[in-house]
Amino acid sequence: MRIGIDLGGTKIEGIALGGAGEVLLRRRVPAPRDSYRDTLAALVDLVNAIERETGARGTVGVGIPGAISPATGLVKNANSTWLIGEPLADDLPRLLERPVRFANDANCFALSEAVDGAAAGAEIVFGVIIGTGTGAGIVVNRRVLEGANAIAGEWGHNPLPAPRDGEWPGPSCYCGRTGCIETFLSGPALERDYAGERQRRALPPSETRQTAADVAAAACAGDAAASTVLERYEERLARALGSVINVVDPHVIVLGGGLSNIDRLYDSIPRLWAPYVFSDAVTTRLVRAAHGDSSGVRGAAWLWE
Ligand SMILES: [Zn+2]
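If you're wondering where the values come from, they're calculated on a predicted model, not measured in any experiment.

K.L.:
Which residues make up the coordination of the zinc ion, and what values do they have?
P.N.:
When a metal holds four donors in a tetrahedron, each ideal angle between them is 109.5 degrees; when it holds six in an octahedron, the ideal angles are 90 or 180 degrees. Donor atoms from the polypeptide that bind the zinc ion are His157 (ND1), Cys173 (SG), Cys175 (SG) and Cys180 (SG), placed at 2.0 to 2.3 Å. Angles of 105 to 119 degrees at the metal separate the four donor atoms of the zinc ion, which places the site in the tetrahedral class. Motif for the zinc ion, donor spacing along one chain: H-x15-C-x1-C-x4-C. Exposure remark for cysteine 175: the relative accessible area of 26% places this residue in the partly exposed category. Given a relative accessible area of 1%, cysteine 180 falls into the buried group.

Below, the structure is given as structure tokens:
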């Protein structure tokens, strides 16, 4: 049995997979906030509960926001900031009395889709979660590419390639840089661009918050400001993914997260990325995640082959 745990900012999800990848059990508990000790206890309780209920002992893989630093062995880059600097990779194996594998949550997403999701059977997979951020991971032959610094796939904090007028130096990012891909392509970035576009067109502000999905729907319904924004978004995403193709040359790029539900991206982006790819033909496929929100926890389980 493989146990996968997805340690999120608001919830901790657990899954138990049988030998053929079938789901034996799912559990979800609220994530304790602002306390590493409580988080650790919740993880141990969740694994114990899964094993009690299934009557079996499993391997344990954990998807975390951020990564275990190869330099220090401590958690880094986590937006659940109370985990940063903590020895999770020492404490959890000791408490569970077995080795535990850890990976970044976007890496788990990519792994899940590469093993038995939308990119099943593909050799090189680039998996992107576009929602509040733009995390991504690389999987080669069903194994996560960790990298020397455990940041492989972190394209979101590269600058947007081939910047146009007004895109450079670009918005400030929480990471301390400016013009990061994430500041143009996250869901909140699309929402901001739409609000700005309405302002430029001297339109009144929207009465309610317009999410990325709302903007996409408005574009389909003929809203000119929404169309302009969505076209700009597609062009930027194509540039950003084009440069990924030049470096990683994935067979499949899988999109997950809220913005992956915008249907037209799968048609428009592969047309738009061609000029940015150094190749006569581009056979890379762009597909929507098959496992949706479950990809993170499934991928954590698959950290043990
Ligand atoms: Zn950044």
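K.L.:
Give a description of the packing of aromatic side chains that names residues and reports values.
P.N.:
Two aromatic rings, taken as a pair, are described by how far apart their centres are and by the angle between their planes. Per the stated rule, a full pass over the model turns up one aromatic pair. An angle of 90 degrees between the planes, with centres 5.9 Å apart, marks the rings of phenylalanine 126 and tryptophan 155 as edge-to-face. Taken together, the residues phenylalanine 126 in strand E8 (residues 124-130) and tryptophan 155 in the loop between strand E10 (143-144) and helix H4 (181-185) connect sequence positions 29 residues apart. When its relative accessible area of 2% is taken as the criterion, phenylalanine 126 is described as buried. The aromatic ring of tryptophan 304 is capped on one face by arginine 101, whose charged end is 3.6 Å from the ring centroid.

K.L.:
Give me the lowdown on unusual backbone geometry, citing residues and values where you can.
P.N.:
For the peptide bond that leads from tryptophan 168 to proline 169, omega is 5 degrees, which places it in the cis range. Phi at aspartate 34 takes a positive value of approximately 65 degrees, unusual for a residue other than glycine. Along the chain, aspartate 34 turns up in the loop between strand E3 (23-30) and helix H1 (36-54). Residue aspartate 34 is classed as exposed on the basis of its relative accessible area of 62%. One non-glycine residue with positive phi stands out, namely aspartate 249, at about 45 degrees. Mapping aspartate 249 onto the fold places it in the loop between helix H7 (224-248) and strand E11 (252-256).

K.L.:
Describe in detail the packing of H1 against helix H2 (residues 88-96), supporting the description with residues and values.
P.N.:
When two helices pack together, you describe them by how their axes are tilted relative to each other and by the distance separating the axes. Across the interface, H1 lies against H2 with an axial gap of 10 Å and an inter-helix angle of 40 degrees. Of the possible angle classes, the one that applies to H1 and H2 is oblique. Where H1 crosses over H2, the handedness of that crossing is right-handed. Contact residues: Tyr36, Arg37, Leu40, Leu43, Val44 and Val47 in H1; Leu88, Asp91, Leu92, Leu95 and Leu96 in H2.

K.L.:
Describe the sheet that holds strand E12 (residues 285-288), with residues and values.
P.N.:
Strand order in the open sheet made by the five strands is E10-E9-E8-E11-E12, with mixed pairing throughout. Two strands lie at the open edges of the sheet, namely E10 and E12, each paired on one side alone. Against the sheet, H7 makes contact with E8, strand E9 (134-140), E11 and E12, and its axis sits at roughly 150 degrees relative to E8, the strand it touches most. Of the strands in this sheet, E11 and E12 are in contact with helix H8 (residues 265-272), which crosses E12 at around 160 degrees.

K.L.:
Summarise the sheet that holds strand E7 (residues 100-104); cite the residues concerned and give the values.
P.N.:
Picture the strands of a sheet paired through backbone hydrogen bonds; they go either parallel or antiparallel. With respect to topology, five strands assemble into an open sheet ordered E3-E2-E1-E4-E7, the strand pairing being mixed. Unpaired on one side and paired on the other, E3 and E7 mark the two borders of the sheet. Here the strands of the sheet are splayed against their neighbours by 15 degrees on average, with no regard to which way each runs. Relative to strand E4 (residues 59-64), strand E1 (residues 2-7) runs parallel, the two sharing five bridges. Across the sheet, the residue bridging to glycine 4 is glycine 61, located in E4. Against the sheet, H2 engages E1, E4 and E7, with an angle of about 145 degrees to E7. Running at roughly 100 degrees to E7, helix H3 (residues 105-116) makes contact with E1, E4 and E7 of the sheet.

Cut-offs and rules
- Residues numbered from 1 in each chain as written.
- Predicted model: local features only at pLDDT ≥ 70, side-chain atom pairs only at ≥ 80, totals over all residues.
- Heavy atoms only, no water.
- Donors = N, O, S within 2.8 Å, 3.2 Å for Na, K, Ca; no water.
- Tetrahedral: all angles 85-135°; square planar, octahedral: opposite > 155°, others 65-115°.
- Buried < 20%, exposed > 50% of the residue type's maximum accessible area, 1.4 Å probe, protein only.
- Phe/Tyr/Trp six-rings, centres within 6.5 Å; stacked < 30°, edge-to-face > 60°.
- Helix = DSSP H or I, 4+ residues; strand = E, 2+ residues; numbered from the N terminus.
- Lys NZ or Arg CZ within 6 Å of the ring centre and 35° of its normal.
- Axes fitted to C-alpha atoms, helices over the stretch in contact; angles between N-to-C directions.
- Parallel < 35°, antiparallel > 145°, perpendicular 65-115°, else oblique.
- Left-handed = near helix turned anticlockwise from the far one by under 90°.
- Contact = heavy atoms within 4.5 Å.
- Pairing = 2+ DSSP bridges.

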